[in-house]
Amino acid sequence: MKATTLASHRRILIIAIVVAFAAISLTFSSRPALAHKASDSYLKIRGDQSELGVQWHIAIKDLELLIGVDSNRDGDVTWGELKAKQTEIAAHALSHLKMWLDERPCEFEVTEMLFTEHSDGGYAVLNLSPSVSSAAEAFKIEYSFLFDVDPTHRGLVLFEANEVPATYVLSPTQSTIEFNAGDASLWSALVDYTKEGVWHIWIGFDHILFLISLLLPAVLIRKSNQWQPVDRFKPAFRSVLKIVTVFTIAHSITLWLAVMQYVTLPSRLVESAIAFSIIVTAFNNLFPLLKIPGWAIAFVFGLIHGFGFANVLLDLGLSSMTLGISLFGFNIGVELGQLAIVAVFLPLAFMIRKTKFYELAVLKLGSILIACIAAIWLLERVGNFEIIGF
Amino acid sequence: MEPNFTSLLRQLFQIMTVMISIGNSGFAQEPYTPERDDQVLQQLPKTLSLNRDRMASIREKLSVDPTNAALASAAAAGYIKMGNDESDPRFYGYAQSAIEYWWNAELPPANIAKIRAKLKEKDHKYKDAIADLVALLDRQPDDTQAWIEVINLHRVVGDYDAARQSIARLEKLEDEKAIAVASIPLMAATGKANQAYETLATLDAPDLASWIAATQGDIAASLGRFEAADKHYREALMLNSGSIHLKRTYADFLLDHRRPAPVLQLLANHENDNGCLLLMAIAAHRLGKEQLAWKLKSKLFVRFDEIRLRGSQPHGRFESRYELELNNDPKKALVIALENWKIQREVRDARAVLESAVASKNLSAAQPTIKFIKKSGHEDIALAQLISTLNPQ
C-alpha cells in the first residue's frame, strides 16, 4: 500500500475523482471473431539481461504440409522421422524468421530439436541459438512462416523479460512487430487490468458494502460499551489504513491462489460466503460479537473476498501468459477503487462523527440496512434465485 | 431449491481434484527429447497422407499460376474436405491460401465465391458468407448450389423471411431435389416438422441418403420420437461412417437420452474437435469417470486458452455448455450463450440460452429467445420443456 505516502485526505479525494472518471469512461470492447483453433506456432523469447533464449514450437501437421515429415507415409509421424528431417525443418523455419536486436540483425542456428504437445497435437520444438548472445532492449521480428500456405496461421510471440511476460500475435497483416524489453504494451496491459479492478470495485456493491461496514466504526472508539468519537483524524486514519491494508493482503493471497488454480471454489459458495461476511461485519457494529479488532475481521473475510475477485478476473478470459501482469494490475485497480471509497467516506465520517446522527443513523441504521441487503444476497446466492436486481 | 446430496458430493470431489492438480497453468508441457525413435508423436489425418501427392502437385501448379480459378478451387475443395473429415480448422486456412488471389475480390468466379463463402461460414462469419452468395446470385441466379447454401445460412442466423424469399427464387429453377434440400430444414425449424419429415421419406435421392437419414433423425428427435430418431441416426452413420458432424449429432442425442456410455466410444480419436471433446468430457463426467472427465475438461480448457491467445474466441455454443455443464458457472454460460445467440440461432444455440437461463434462474434474459422460438413455431420438445420451466403457466 502506498497510502502511507499520501499526505492529506484532499489528495485522496482528487485521486478518488480521477479514479471515478476513469472507471466511468471504461468501455468494453466486443468479443473478437469466433474461431476454432487453427494453425499457430509459438515463439518463446526469454530476454533476461544476461542472455537471450529463443524457442520455436511448430505443429507437426504444418511441417507435414511444408516439408513432408511422414517419410514412410503410414500416417504416423515418429520421433525418428522428425529427427531425420531436422536440417530441412530448420532451414525452412529460419528462412521465414528475421530478428533485429537493438537494430542489429540477429542470425540464428538451430542447436537442438525437442518435442512437446499443445492442445491440438504434437509440436517440434526448435531451440535457437542467436548470433548476438546478450539480450537487448529493442526487439524487432519479421515473421513469414506458413503465411503463404495458410493466411489464418498466427505466430504467437511469448516474450519474457525479468519474469514479466507479454504476448504478441503475428499475422499476414501484421507480420512485423517491434517491442522493448521494458515495454509500453506491458504497461498498457497493466493499465487495462488496473481499470478492470477499479471497475469491479465500482460495480461490485458487495465489496463496497463490506468495506463500508468495516469502516463505519473507524471514526469512533468503543469505551465501556459506548461509542465515542475519536479526537483526532490521525488515529482514525491509521485504523482505516490498517483495515484496508490487511484486507488487501488477505484478498491478494486468495486471489493469487485462485487465479493460479491452486485452489478453486464454486462461485456460488464464494458469493454466498461473501454475503455472509457482510452480515457478520455489519452485525458486529451493532453487537460486538467478534472479540477481535476490525483489522482481524478484515483479514479473515478478505480471504473470502479474494476468491470473489478471482472469479471476476477469470471471467475476463485470461490467457495464461499474461496472468502475472493481469493479476498485479487487477489488484492495483481493486486497491485504487478501495482508496476511492475511503477517500470519500473517511473525511465525511470524520466531520460528522460527533453527532448523534452519525452514531444512530449512519452507524447503527446503516449497519442494519447493510445486514439486510446482505441477507437478501445470501438468500439469493444460496437459493440461486433473484430478489433484488443488483 | 431441492438439496441434492449427490451433486453436493460431486462438487466436493471436484474441489478436491482441482486442489490436487496444482498449477494447471494452461500451457504446454516442458519440451523434451522422446526416448525412442519409433515413438509416434503425431497421427496425421488419413486424407492428408492419401492425398499428399495429388495436393502437392495441384499446389505446385497453382504456385506458378495463382490466378487459375480451376486449380485454386480444386486445391481449396480438397483442403475443405480434409478440414471436414478431420475437423481440423488448419485445413480451412490452407484452403483460404489457395484462393487468396480472390479473397478480397468484389466479384470472384462462381466456384471461388462459393468456396470463399464456405470458408467464411466455417469461421462463423455468416453475414459475410451470405453477402458473398447474394452477390454471386445477383449475377448468376441459376446457381442452385449457391441458393441452397444461402438458404441454409439464412436459417442458421434465424432470418427465416429471407430464407423463404430465397426459396421462392429457387423454386423458379424447378429443380425438385434442390428445393427439397433447401426447404426441409427450414420447414422443420418453422413449425412444419411433420410435413418436413414426410417429405424426406418420399424424397428419391440415393446420393443424399445419409443427409436424409440424419435430417429425419433430427426431426424425429425434435418431435420426441426417440426410437425412430435413434434408428435414423444409426442409418445415417452407417451410410457415412466418417462424418464427425454426424457422430457429434448422434453423441449429443445419446447424452440427451441418458446414454453416455456409447458416447466415449463413438467419439474416440476425435478429441481434435472442440465439440467432440466437450461431449466426451460430459459423458465421462456423467459416467462417474471423474479422472477421465478431468483430463478431457483440462484439455478443452487449454484449447480455449490457446484460442484466446491467438486473438480469437472459442465457439460460443461449446464454450457456454462447457461453463454450464463442466464448470458449474451458469451465469457465465448465459452471458456466452446470449452473445452466441446474436450470431447463430439453431436449436442448440437456443438450448444454450435457455438451459443456462434455467440454471442461473434468470428468467428475463431468456425472454427474447423464447419470443423468437414461439414466433418461428419451432417444435422441439427439449425447447418446449425449457420454456415451460422458465415461463410456468
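Remember, predicted model here, so these are calculated numbers, not experimental data.

Caption draft 1: Summary view of the overall build of chain A. When you go through chain A residue by residue, the secondary structure sums to eleven helices and 13 strands. Looking at chain A residue by residue over its 390 residues, the buried ones come to 54%. Long-range contacts, defined here as pairs at least 24 residues apart, represent 70% of the contacts in chain A between residues at least 6 apart. Carbon and sulfur atoms provide 62% of the accessible area of chain A, an area that totals close to 17200 Å².

Caption draft 2: How the structure looks around the overall build of chain B. Helix and strand counts for chain B stand at 22 helices and one strand. Looking at chain B as a whole, 53% of its 393 residues qualify as buried. Within chain B, contacts between residues at least 6 apart in sequence are counted, and of these 53% link residues at least 24 apart. Total accessible area on chain B stands at roughly 18600 Å², and carbon and sulfur atoms take up 53% of it.

Caption draft 3: Up close: a negative patch on the surface. Residues and elements named next belong to chain A. Together, Asp 102, Glu 103, Glu 137 and Glu 178 make up a negatively charged patch on the protein surface. The topology assignment puts Glu 178 in strand 11 (residues 176–180). By relative accessible area, which is 61% here, Glu 178 ends up exposed.

Caption draft 4: Structural context of the confidence of the model for chain B. The pLDDT averaged across chain B works out to 89; a share of 92% of its residues lies at or above 70. For the stretch residues 1–27 of chain B, pLDDT sits under 50, and the model shows 43 contacts to residues farther than four places along the chain or on other chains.

Caption draft 5: View of the environment of Arg222(A). Residues and elements named next belong to chain A. One can find Arg 222 in strand 12 (residues 220–223). Counting along the chain gives 66 residues from Arg 222 to Pro 288, while the straight-line C-alpha distance between them is 9.6 Å. Residues in contact with Arg 222, not counting those within four places in the same chain, are Trp 227, Asn 284, Asn 285, Leu 286 and Pro 288.

Caption draft 6: Main features of the pattern of salt bridges. A full pass over the atoms with the stated rule returns 37 salt bridges over all chains. With a shortest N-O distance of 2.7 Å, Lys83(A) and Asp37(B) are connected by a salt bridge. With Lys83(A) in helix 3 (residues 79–84) and Asp37(B) in the loop between helix 1 (5–20) and strand 1 (40–43), this pair bridges two chains. Of the charged contacts, one joins Arg348(B) and Asp252(B) as a salt bridge, the two residues approaching to 2.9 Å between their closest N and O atoms. Placement of the pair is Arg348(B) in helix 20 (residues 347–359) and Asp252(B) in helix 14 (residues 244–256), with a sequence separation of 96 residues. Judged on exposure class, the residue Arg348(B) and its partner Asp252(B) are both buried. Salt bridges linked by common partners bring Asp252(B), Asp256(B), Arg286(B), Arg321(B), Glu325(B), Arg348(B), Arg351(B) and Glu355(B) together as one network.

Caption draft 7: The pairing of strand 11 of chain A, seen in detail. All names here are of chain A. Only one face of strand 11 is covered, namely the one carrying Ile 177 and Phe 179; the face carrying Thr 176, Glu 178 and Asn 180 has none of its residues buried. The pairing of strand 8 (residues 138–143) with strand 11 spans five bridges and is antiparallel. Paired with Phe 139 across the strands is Phe 179, a residue of strand 11.

Caption draft 8: Expanded view of the nonpolar core. All names here are of chain A. Of all hydrophobic cores here, the largest spans 69 residues; its most connected members are Trp 56, Leu 82, Ile 141 and Val 157. Leave out the neighbours within four places in its chain, and Val 157 touches Leu 43, Ile 45, Ile 141, Ala 166, Thr 167, Tyr 168, Leu 170, Ile 177 and Phe 179. Counting 54 residues, the second largest nonpolar core, distinct from the first, contains Leu 216, Val 270, Ala 275 and Ile 297.

Caption draft 9: Looking closely at helix 4 (residues 69–86) of chain B. In a regular helix each residue adds 1.5 Å, so 18 residues correspond to 26 Å; helix 4 of chain B covers 25 Å between its end C-alpha atoms and thus fits that length. Among the residues of helix 4 of chain B, Leu71(B), Ala72(B), Ser73(B), Ala75(B), Ala76(B), Gly78(B), Tyr79(B), Ile80(B), Met82(B) and Gly83(B) are the ones counted as buried. Buried residues along helix 4 of chain B sit against helix 2 (60–66) of chain A together with helix 2 (46–50), helix 3 (52–64), helix 5 (90–98) and helix 6 (110–122) of chain B. The backbone nitrogen of Ala70(B) has a side-chain oxygen 3.1 Å away, supplied by the residue at the start of helix 4 of chain B, namely Asn68(B). Ser87(B) occupies a position one or two residues after helix 4 of chain B and carries a positive phi of about 50 degrees.

Caption draft 10: How the structure looks around the side chain of Ser213(A). Residues and elements named next belong to chain A. In this structure, Ser 213 sits in helix 6 (residues 205–215). In this structure Ser 213 comes out as buried when scored by relative accessible area, which is 1%. With residues near it in sequence (within four places) discarded, Ser 213 still touches Ile 278, Thr 281, Ala 282, Asn 285 and Ile 370.

Caption draft 11: Region of interest: the packing of aromatic side chains. Residue and element names in this part refer to chain A. Scanning all chains against the criterion turns up 26 aromatic pairs over all chains. Between Tyr 168 and Phe 179, the aromatic rings sit 4.5 Å apart at their centres with planes inclined by 15 degrees, giving stacked as the arrangement. Placement of Tyr 168 in strand 10 (residues 164–170) and of Phe 179 in strand 11 is noted, with a sequence separation of eleven residues between them. In terms of burial, Tyr 168 and Phe 179 fall into one category: buried. Measuring from ring centre to ring centre gives 6.2 Å for Phe 283 and Phe 287, while their planes differ by 25 degrees; the resulting arrangement is stacked. Residue class for Phe 283 comes out partly exposed when judged on its relative accessible area of 34%. Looking at Phe 287, the relative accessible area reads 48%, which means it is partly exposed. Taken together, Trp 56, Tyr 143, Phe 145 and Phe 147 form an aromatic cluster joined through their ring pairs.

Caption draft 12: Spatial organisation of the packing of helix 6 of chain B against helix 7 (residues 126–139) of chain B. All names here are of chain B. It is at 7 Å that the axes of helix 6 and helix 7 come closest, and there the two elements cross at 165 degrees. One way to sum up the angle between helix 6 and helix 7 is to call them roughly antiparallel. In this structure, helix 6 meets helix 7 at a crossing whose hand is left-handed. In this structure, helix 6 contributes Ala 110, Ala 113, Lys 114, Arg 116, Ala 117, Lys 120 and Glu 121 to the contact, and helix 7 contributes Tyr 126, Asp 128, Ala 129, Asp 132, Leu 133 and Leu 136.

Analysis parameters
Residues numbered from 1 in each chain as written. Chains lettered and ligands numbered in written order. Predicted model: local features only at pLDDT ≥ 70, side-chain atom pairs only at ≥ 80, totals over all residues. Heavy atoms only, no water. Helix = DSSP H or I, 4+ residues; strand = E, 2+ residues; numbered from the N terminus. Buried < 20%, exposed > 50% of the residue type's maximum accessible area, 1.4 Å probe, protein only. Contact = heavy atoms within 4.5 Å. Areas by Shrake-Rupley, 256 points an atom, 1.4 Å probe, with all protein chains shown as cover. Patch = residues over 30% accessible without salt bridge, like charges linked within 9 Å, V, L, I, M, F, W, Y side chains within 5 Å. Salt bridge = Lys/Arg side-chain N within 4 Å of Asp/Glu carboxyl O. Lys, Arg positive; Asp, Glu negative; His and termini not counted. Charge placed at Lys NZ, Arg CZ, Asp CG, Glu CD. pLDDT = per-residue confidence, 0-100. Pairing = 2+ DSSP bridges. Core = buried A, V, L, I, M, F, W, Y, C linked by side-chain atoms within 4.5 Å. Expected span 1.5 Å × (residues − 1). Polar contact = N/O pair within 3.5 Å; in protein donor to acceptor, adjacent residues only side chain to side chain. Phe/Tyr/Trp six-rings, centres within 6.5 Å; stacked < 30°, edge-to-face > 60°. Axes fitted to C-alpha atoms, helices over the stretch in contact; angles between N-to-C directions. Parallel < 35°, antiparallel > 145°, perpendicular 65-115°, else oblique. Left-handed = near helix turned anticlockwise from the far one by under 90°.

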